[in-house]
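Listed below, chain by chain, are the residues.
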Amino acid sequence: MQNTSPLNTASMSVSENETLIELKNINKWFGGFHALKDISLTVNKGERIVLCGPSGSGKSTLIRCINHLEAIKDGTITVAGKEMANDAKSIDSIRREVGMVFQSFNLFPHLKIIDNCSLALRRVKGMQRDEAEVIARKYLDRVHILEQADKYPAQLSGGQQQRVAIARALCMEPKVMLFDEPTSALDPEMVKEVLDTMIGLAQDGMTMICVTHEMGFARKVANRVLFMADGQVLEEAAPDEFFSAPKHERAKAFLGEILAHN
Amino acid sequence: MNAFGLPEILFLLQGLKWTVLLTIISFIGGGVIGLLIALARVSTSPVIQRLAAAYIALFQGTPLLMQLFIIYYGLALLQINVDAWIAVSFAYTAHASAFLGDIWRGTIQSLPRGQTEAANALSLGYVSRMRDIILPQALKISLPATIGFAVQLTKGTSLAAIVGFIELARAGQIVSNLIFQPLLVFGIVGLIYFAICWPMSIWGTRMERRMSRNHA
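No experiment lies behind these values; they were computed from the predicted model shown.

Participant: Give a detailed account of the confidence of the model for chain A, specifying residues and quantitative values.
Facilitator: Per-chain confidence: chain A averages 91 in pLDDT, with 93% of residues scoring 70 or above. The spread of mean pLDDT over the elements of chain A runs between helix H9 (residues 249-260) of chain A, the lowest at 87, and strand E6 (residues 98-101) of chain A, the highest at 98.

Structure below.
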């Protein structure tokens, strides 16, 4: 493993050495705004990465590039051995390996919870309805929300909806889960149930990349914390090291502000 | 001078039949083509987008009467001999598809982007994304506007009289010319239109309310 610069390469060794995601020299522009600047990142199987940083730093954009919700200008993205090309088939094959949970849940409001979870199994994996529902129920049970299966999303609390969103992603049995500020839109009393679900996933060995400012969560489950600002990874460290002794000035300032409100 | 009696009523009802048939054909034709127009309008290809926008602009920006003239007489000039029914259905389908396409384009675009993103993240293909996720939500939101347009369309079919179609309004005119009681006859014709259009509006409102209750 190369260890050129600790600032823009991810090269901490973890117990399992199978590379799952490899981003090489990613550049992303929004018009004239350089959102991601030459970012490289390697994520091994079973790793839990927490991305944090001030808003507008590019952390959400970065994970949205991994499943091509955002197109990159240059660089390469490899997920589970497949390099992303700019065609629908290649993008689709990568999306099948990647689950995503959004800040605003993005459940399908016109479908019951069970259908939210089973739809992609039927449409993408070609399963029959009953077969798909068995799997959907399994994952709804795993996020402790099976009893809500026949309700519509709007009948559930925010925390419940986010757990459904996690179950919906898990149904596709992805190799990696991306979390884009999964607790930022929740009322405070609902944050814990979602974080507990994510901790459970981590304990089961799921590879995860989480954009979050939940430091308790980061300390508990992350192998690495990446601090981003201005489209660059400025610091990368083990969580304890990062939170107790951040090196970069921007990271210190950022943590100071977060701590001031905790 | 004749009085307003059973034969006159039957004649109006005959006209009503064509009005209803023409409305149904226009709505179905306009719905199918309009859906394609709406999908083209939100396509990722700029060329397809612009073609659909041009289609909408063309048929929304010119009077229906002119479209009827051009299609009915224009086809004849080109030595294409078509039945009046086909020509009129063609014109109304074009008209309805432009308006419905634009209504549905609007509601598709009004959905939160997260719906498309969630569908993409689940690797749902285009067909499933549209059929299972986007269109059911968009069409539900569009229901009041869609039914509103259907009401407009029903009344708009009276323009088909201009190319010789004896639908309800034209039938009324004929009866009125026969019995010289325009106020009575057109009053009745108006009531018949109202009797069709008003329940449609009520039905639309009810359906909208029921659907929103289901998903609330």
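Participant: An account of the side chain of B:Ser26 is requested, with residue identities and associated values reported.
Facilitator: All names here are of chain B. In this fold, Ser26 is placed in helix H1 (residues 6-41). Overall, the relative accessible area of 0% leaves Ser26 in the buried class. For Ser26, the side chain forms a polar contact with the main-chain oxygen of Leu22, separated by 2.5 Å. Those residues in contact with Ser26, other than ones at most four positions away along the chain, are Gly31, Tyr92, Thr93, Ala96 and Leu153.

Participant: Just give me the short version of the UniProt feature "domain: ABC transmembrane type-1" (unreviewed entry) in chain B, but keep the residues and values in it.
Facilitator: Feature annotation in UniProt places "domain: ABC transmembrane type-1" (unreviewed entry) on residues 16-197 of chain B, given in this structure's numbering. End-to-end, the C-alpha atoms of residues 16-197 of chain B are 13 Å apart, and along that stretch the chain is 83% helix and 0% strand.

Participant: Summarise H9(A); cite the residues concerned and give the values.
Facilitator: Since the α-helix packs 3.6 residues into each turn, any two residues three or four apart lie on the same face. Residues and elements named next belong to chain A. Along its twelve residues, H9 runs 16 Å from first to last C-alpha, staying within 8% of the 16 Å computed at 1.5 Å per residue. Within the span of H9, buried status applies to Ala251, Phe254, Leu255 and Ile258. For H9, the buried positions fall inside an angular range of 95 degrees around the axis, keeping them on one side. Residues of H9 that are exposed and point more than 90 degrees away from the buried face comprise Glu249, Glu257 and Ala260. Buried residues along H9 sit in contact with strand E3 (48-52), helix H7 (215-221), strand E9 (224-229), strand E10 (232-237) and helix H8 (239-244).

Participant: Give me the sheet that holds E9(A): which residues, what numbers.
Facilitator: Residues and elements named next belong to chain A. One open sheet accounts for six strands, arranged E6-E7-E8-E3-E9-E10; its pairing is mixed. Across the chains shown, the open sheet's two edge strands, defined by having one partner strand only, are E6 and E10. Across the sheet, the mean angle from the axis of one strand to that of its neighbour is 20 degrees, orientation sign disregarded. The pairing of E9 with E10 spans five bridges and is antiparallel. Each residue of the ladder has a partner; that of Leu226, found in E10, is Glu236. Strand contacts of helix H1 (residues 59-66): E3, E6, strand E7 (176-180), strand E8 (207-211) and E9, with the helix running at about 150 degrees to E7, the strand carrying the most contacts.

Participant: An account of the layout of surface pockets is needed here, citing residue identities and associated values.
Facilitator: Residue and element names in this part refer to chain B. Approximately 700 Å³ is the volume attributed to the largest pocket. Around the largest pocket sit 19 residues that line it, and Val42, Thr44, Thr116, Asn120 and Arg129 are the ones nearest its centre. For the lining of the largest pocket, the secondary structure elements donating two or more residues are helix H4 (84-110), helix H5 (113-121) and helix H6 (126-156). In terms of residues, the lining of the largest pocket owes the most to one element, H5, which gives five residues. Here the lining of the largest pocket is composed, by residue class, of nine nonpolar, six polar and four charged.

About the criteria used
- Residues numbered from 1 in each chain as written.
- Chains lettered and ligands numbered in written order.
- Predicted model: local features only at pLDDT ≥ 70, side-chain atom pairs only at ≥ 80, totals over all residues.
- Heavy atoms only, no water.
- pLDDT = per-residue confidence, 0-100.
- Helix = DSSP H or I, 4+ residues; strand = E, 2+ residues; numbered from the N terminus.
- Buried < 20%, exposed > 50% of the residue type's maximum accessible area, 1.4 Å probe, protein only.
- Polar contact = N/O pair within 3.5 Å; in protein donor to acceptor, adjacent residues only side chain to side chain.
- Contact = heavy atoms within 4.5 Å.
- UniProt positions renumbered as here; feature names shortened; annotations may be inferred.
- Expected span 1.5 Å × (residues − 1).
- Arc of directions from axis to C-beta.
- Pairing = 2+ DSSP bridges.
- Axes fitted to C-alpha atoms, helices over the stretch in contact; angles between N-to-C directions.
- 1 Å grid on protein atoms, 1.4 Å probe; cavity = no way out; pocket = protein on both sides within 12 Å on 5 of 7 lines; lining within 4 Å.
- Points joined across faces, edges and corners; volume = space filled by probe spheres on them.
- Nonpolar A, V, L, I, M, F, W, Y, C, P; charged D, E, K, R; others polar.

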